[in-house]
Amino acid sequence: MRHRSLFQLLTLIGLAALVLTACGGSSKKKSSASSGNSGGTLMTVAKGAPSGSPDPQINYTLQEWQLLIITHDGLLGFKRASGTEGTKLVPDLATAIPKPQDGGKTFVFHIRKGIKFSDGKELKPSDVTYTFERLFKIGQSPNAGTWYNVIVGGDACVKTPATCDLSKGVIADDAAGTVTFHLTKGDPEFFDKLAVPFAFILPTGTPNKELQLPPAGTGPYKFVQYNPNKQIKLVRNTNFKEWSKDAQPNGNPDVIIQKFGLSAEAEVTQVENGQADWVFDTPPSDRLNEISTKYANQVHVNPLTAVWYWAFNVRVPPFNNLQARQAVNFATDRNALVKIYGGPKLAVPTCQILPPNFPGYKPYCPYTKNPGSGKWTAPDMAKAKQLVAASGTKGASVKVNTDTVETDKALGLYFVGLLNKLGYKASLQALSPDIQYPYCQNSKNQVQFCWSSWYQDYPAASDFLNILLGCSSFIPNSNASPNIAEFCDKPIQAQMDQALQQGITDPSGANTKWQAIDKAVTDQAPWVSLFNPKFVDFLSKRVKGYQFSPQWYFLLAQASVK
């Protein structure tokens, strides 16, 4: 089960007034954890606590994951660095990245010695087995049954969580200091999945139930407060000793706090006044011009590996017709949608599934005037109207589904107007953000045209193409069916399966296959892909050593505030 990506919680709201002429290059400056001094308190502010449970094996939000990566560790991790370096996997609790055995179905990890949890217990290989069994036993981990059931015994654990037994799939040898994973089949993304918080190692004996405070971890910090009505507080883990700067460097602040309950307006004011150091939420539109001019050196804009899109339901009229789907793609003015979002400083038009600077990406856009460059240039309304006429769908009723967030609703109203121009009878259905996406996922609701977005879980082409448009990701009558287009093309799925298999031993060759798959899916038009967004960080003037990871975004612990 997978929710819309964790990064969806970073939806950029109301950016129409943004002028960032002085800020676009700020994130390109080289910086490191050595900038500034250690010590002090990093004060961050957010409108509310991370949604869902604070338990690390349940929570699926960037907001909490940004904190969990500095309190806990996995066997592997993503390098704590900016730019493409931040997408690289490095050994974390393991001494090395193991080579695949048995066709990618067996991996032997050697566990580092002398590492202690924040409660003083020493890390042992058997903690790894315990952690993965707990992942299933708590029964609420969103991806246990789709990411980790490939472990031998995993499917049985999904069926009967309380009696989960991974003794044949995760074999620990405390004396030898090893953990051996046996998989039922090769999984080219398995290492990526070991590097995200669901798989961060917990001490044996951690209760097999949802926790309201993350348990002991091995990182440089530990949680001491998690009050969803007030704040989260992290302090130094005195048992921590740096074993890898790439995987888990020493943090700079002594204390990291995230306070809740302020409006976005108040958050910005506090940062401007030096009362807070970082705004988690997007600054409101009426403050963006102000911060980009008066506080230009404190604003950082970074491209995201993400895509905003509208999904057609390819099984429900009128968009079970390929020509109708292609018609809407040709008619869409992506520049107008970028303008609604905040302008070209904050988004780049796209026609395809994969985002730029991502494995398997090659520019491709057939739905534009004068195609061939790979880029979108302008809508082609004449072509669109020809396709609508040829499809025989003109006059059909279409309900355009979005949420009530200002920007998302504005995008919905744009498509209502566009569909009416194309000869359809379109109307808007705007639902509250907490129910809109589950509503679109459930095929019982027969949603015809739905807004969504996707932000990478980890840098793999399949995290977009197979998860969002693969046959197995369509789960009928379920609120947890990420393939909201209900798209299943068996020949394309066969290509995906081949690319996944090849990726186990030949990632480069597999990425060439993903390029072709991206093109094939785009030609079938299950979506109107809109744009690839960028993100804005606003920091206080005392923050030094800013780094933006493509995987984790602002690296909080690497900033200096003293």
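Described below are features of the structure shown in this document. (Residues numbered from 1 in each chain as written. Predicted model: local features only at pLDDT ≥ 70, side-chain atom pairs only at ≥ 80, totals over all residues. Heavy atoms only, no water.)

Now for the sheet that holds strand β8 (residues 231-236). Pairing is mixed in the open sheet, where 5 strands are placed in the order β7-β8-β9-β1-β10. Lying at the two open borders of the sheet, with one neighbouring strand each, are β7 (221-227) and β10 (278-279). The pairing of β8 with strand β9 (residues 255-260) spans 5 bridges and is classified as antiparallel. Bridged to Lys233 within β9 is Ile257. (Pairing = 2+ DSSP bridges. Helix = DSSP H or I, 4+ residues; strand = E, 2+ residues; numbered from the N terminus.)

Moving on, we get to the state of the cysteines. Evaluated as defined, the whole model comprises 4 disulfides. Residue Cys440 pairs covalently with Cys450 via a disulfide, S to S 2.0 Å. Between Cys440 and Cys450, the S-S torsion sits near 100°, and that sign places the bridge as right-handed. Taken together, the residues span a long stretch of sequence, with Cys440 in helix α12 (residues 433-441) and Cys450 in strand β16 (residues 449-455) at a distance of 10 residues. Residue Cys440 is classed as buried on the basis of its relative accessible area of 4%. Covalent S-S linkage joins Cys471 and Cys488, the inter-sulfur distance amounting to 2.0 Å. (Disulfide = S-S within 2.5 Å. Buried < 20%, exposed > 50% of the residue type's maximum accessible area, 1.4 Å probe, protein only.)

Below, the discussion takes up the pattern of salt bridges. Tallying each qualifying case throughout the model produces 11 salt bridges. A salt bridge links Asp55 to Arg134, with the nearest nitrogen and oxygen atoms 2.6 Å apart. Here the residue Asp55 occupies a position in the loop between β1 (41-46) and α1 (62-68), and Arg134 occupies one in helix α2 (residues 125-137), the gap between them amounting to 79 residues. With respect to class, Asp55 is no different from Arg134; both count as buried. Across the pair Arg542 and Asp277 runs a salt bridge, and its minimum N-O distance is 2.7 Å. Of the two residues, Arg542 sits in the loop between β17 (527-538) and β18 (548-549) while Asp277 sits in the loop between α6 (264-272) and β10, which places them 265 residues apart along the sequence. (Salt bridge = Lys/Arg side-chain N within 4 Å of Asp/Glu carboxyl O.)

This part takes up the pairing of β8. Sheet topology note: the β7/β8 ladder contains 6 bridges and is antiparallel. Counterpart to Phe223 in the pairing with β8 is Leu234.

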